[in-house]
Amino acid sequence: MVTSDIKLEHFEAPDVPKFSPKEVQNELEQIKTNKATPPGDIPPKLVKIFLSFLSIPLCDILNTTIRMGEWSKLYKCEYVTPIPKVFPPKSIDEMRNISGLLLFDKIAEKLIGNLIVSDMSEHLDLSQFANQKGISLQHYLIKMINQILSDTDKSSKDEVNAVIAVLYDWKEAFPRQCPKLGVEAFQKCGVQPSLIPLIINYLQNRTMKVKWHGEISTERHLNGGGPQGATFGIWEYLAQSNNNADCVDPNYRFKFVDDLTVLEKINLLIVGLTSFHTKQSVPSDVLENNLIIPAGNLNSQNYLNGNKKWTDNPKMILNKKTTKVMNIDWQYFRLCRTEFHTASSSSCIAAHGSALAQDGPISDEHIFGDISANNLDEHNQPSHQLF
């Protein structure tokens, strides 16, 4: 990323934020002494002993960093430990990066990050429940489950309501971030112009060292991607993905960092059940009654197509293994199959368990189980099945 590629807005010297030694000291007091630190970093216990003395020079360094718009090269290096997602890992894609940042880098990012959060608060999607004070994953789940129960409970004589939930997940979302698009997303989300030069410099010329079984690799240059384990890296992704579900009613979309769940309420009596043409192709997931819901009858297909367009713009890839679709309903939904078509193929998606795919055929290994109420009757459980 080149600085000249970004259109910068004009700002005056008084617009540049400044921190006081007291603010820095308050942040140093919150350091957790039981956390691991990268090799060569100052021990947190030592910092806490001398925090009243360290806060003054650190405050001066931080204010100079903001005023000049330059992030220290020392703080641009990520110390990464690969952790397997599955055992044994068969490829690099099955490894997760756990990054360690220098202590003073964390302090600087936290203080400046508070300014970024304040600026973005008015523009941030209200469906995003991650990395914000006062809301969490619990709020995400409670609000979503309340919406599902409200939709499925309010069925009259002319209604048999059900909910389709499409669970989106993007592959390697953080490493695939484009720094230029990230900076532009910060600007769109209202981050003050005086911080944009600093964010640009922060994302330039980043490096990484890998720690593996006690050994540390040589320093390698990173061509792009979002900073791993950093406050700026998380907010860069939240800014870029702020509009990834604008085609969906805010009450029916729920986000947590790079995970997105989209709900659709349908009436099974008028949604348009039809028979599957078995002579044209032999299905493996259609029940004996041969009933399906065509993709064209569902808004979920339009949401999927709209999300595919967003996925292509920031150079993301939908993870076909972890993107799922499920039915949440009374007993009736087990009588039919829901059909989806992906934007780049004509493969069908069964709402009773198959994973969505961005391209190519769908294999049976992605099936995660029938969640209809049929399985609940055997155990005398309530009529609803949630996940």
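Residues numbered from 1 in each chain as written. Predicted model: local features only at pLDDT ≥ 70, side-chain atom pairs only at ≥ 80, totals over all residues. Heavy atoms only, no water.

Trainee: Give me the environment of Met 208: which residues, what numbers.
Mentor: Within the secondary structure, Met 208 sits in strand S4 (residues 207-212). Of the residues examined, Met 208 reaches a relative accessible area of 16% and is grouped as buried. In this structure the C-alpha to C-alpha distance between Met 208 and Glu 219, which are 11 residues apart in sequence, comes to 5.6 Å. Leaving out residues up to four positions away in the same chain, Met 208 has contacts with Cys 77, Glu 78, Val 80, Asn 97, Thr 218, Glu 219, Arg 220 and Leu 222. (Helix = DSSP H or I, 4+ residues; strand = E, 2+ residues; numbered from the N terminus. Buried < 20%, exposed > 50% of the residue type's maximum accessible area, 1.4 Å probe, protein only. Contact = heavy atoms within 4.5 Å.)

Trainee: Explain the nonpolar core to me, and be specific about the residues and the numbers.
Mentor: Of all hydrophobic cores here, the largest spans 44 residues; its most connected members are Leu 28, Ile 112, Ile 116, Met 120 and Phe 186. Broken down by element, the residue count for this core peaks at eight residues, all from helix H4 (residues 103-120). With residues near it in sequence (within four places) discarded, Phe 186 still touches Ile 116, Met 120, Val 191, Ile 196, Ile 199, Phe 232, Trp 235, Glu 236 and Ala 239. Residues Phe 129, Tyr 237, Tyr 252 and Met 326 belong to the second largest nonpolar core, which totals 37 residues. (Core = buried A, V, L, I, M, F, W, Y, C linked by side-chain atoms within 4.5 Å.)

Trainee: Summarise a nonpolar patch on the surface; cite the residues concerned and give the values.
Mentor: Taken together, the side chains of Ile 42, Leu 46, Ile 49, Phe 50 and Phe 53 present a nonpolar region at the surface, about 510 Å² in accessible area. Along the chain, the position of Phe 53 falls in helix H3 (residues 51-68). For Phe 53, a relative accessible area of 60% gives the class exposed. (Patch = residues over 30% accessible without salt bridge, like charges linked within 9 Å, V, L, I, M, F, W, Y side chains within 5 Å. Areas by Shrake-Rupley, 256 points an atom, 1.4 Å probe, with all protein chains shown as cover. Salt bridge = Lys/Arg side-chain N within 4 Å of Asp/Glu carboxyl O.)

Trainee: Got a sec to walk through H4? Specific residues and values, please.
Mentor: Over its 18 residues, H4 extends 25 Å from the first C-alpha to the last, a length consistent with the 26 Å expected when each residue adds 1.5 Å. Every buried residue of H4 is accounted for by Leu 103, Phe 104, Asp 105, Ile 107, Ala 108, Glu 109, Leu 111, Ile 112, Gly 113, Ile 116, Asp 119 and Met 120. The secondary structure elements touched by the buried residues of H4 are helix H1 (21-29), helix H2 (44-49), H3, helix H6 (179-188), helix H7 (196-203) and helix H8 (231-240). (Expected span 1.5 Å × (residues − 1).)

Trainee: Outline the packing of H1 against H3, supporting the account with residue identities and numerical values.
Mentor: To describe two helices that pack against each other, one gives the angle between their axes and the distance between the axes. Contact geometry for H1 and H3: axes closest at 8 Å, N-to-C directions at 125 degrees. Classified by the angle their axes make, H1 and H3 are oblique. You can see that H1 and H3 cross each other, and the crossing is right-handed. On H3, the residues touching Pro 21, Val 24, Gln 25, Leu 28 and Glu 29 of H1 are Leu 51, Ser 52, Ser 55, Ile 56, Leu 58 and Cys 59. A class-by-class count of the residues in the contact of H1 with H3 yields seven nonpolar, three polar and one charged. (Axes fitted to C-alpha atoms, helices over the stretch in contact; angles between N-to-C directions. Parallel < 35°, antiparallel > 145°, perpendicular 65-115°, else oblique. Left-handed = near helix turned anticlockwise from the far one by under 90°. Nonpolar A, V, L, I, M, F, W, Y, C, P; charged D, E, K, R; others polar.)

Trainee: An account of H7 is requested, with residue identities and associated values reported.
Mentor: Structurally, the α-helix is built with 3.6 residues per turn, so residues lying three or four positions apart point the same way. In terms of burial, H7 is a largely internal element, seven of the eight residues being buried. Every buried residue of H7 is listed here: Ile 196, Leu 198, Ile 199, Ile 200, Asn 201, Tyr 202 and Leu 203. Just past H7, the residue Asn 205 takes up positive phi, approximately 55 degrees.

Trainee: I'd love a proper account of the packing of aromatic side chains, names of residues and values included.
Mentor: The final tally for this structure, using the stated rule, is eight aromatic pairs. Ring geometry for Tyr 140 and Phe 254: centres 6.2 Å apart, planes at 70 degrees, overall edge-to-face. Remark: Phe 254 occurs in strand S7 (residues 253-256) and Tyr 140 occurs in helix H5 (residues 137-153); sequence separation between them is 114 residues. Note on accessibility: Tyr 140 and Phe 254 belong to one class, buried. Among the aromatic side chains, those forming a connected cluster through ring pairs are Trp 71, Tyr 202 and Phe 232. Sitting over the ring of Tyr 202, Arg 206 keeps its end group 4.5 Å from the ring centre. (Phe/Tyr/Trp six-rings, centres within 6.5 Å; stacked < 30°, edge-to-face > 60°. Lys NZ or Arg CZ within 6 Å of the ring centre and 35° of its normal.)

Trainee: Please give an account of the pairing of strand S1 (residues 77-84) that cites residues and values.
Mentor: Relative to S4, S1 runs parallel, the two sharing four bridges. The partner of Tyr 79 across the bridge, within S4, is Lys 209. By the bridge criterion, six bridges tie S1 to strand S2 (residues 95-100) in an arrangement that is antiparallel. Paired with Thr 81 across the two strands is Ile 98, which belongs to S2. (Pairing = 2+ DSSP bridges.)

Trainee: An account of the sheet that holds strand S8 (residues 259-267) is needed here, citing residue identities and associated values.
Mentor: Here we have four strands laid out as an open sheet, ordered S7-S8-S3-S11, and antiparallel in their pairing. Bordering the open sheet on either side are S7 and strand S11 (324-329), each of which pairs with just one other strand. For this sheet, the mean inter-axis angle between neighbouring strands, taken without regard to orientation, is 20 degrees. Alignment of strand S3 (residues 161-169) against S8, held across nine bridges, turns out to be antiparallel. What sits directly across from Asp 169, in S8, is Asp 259.

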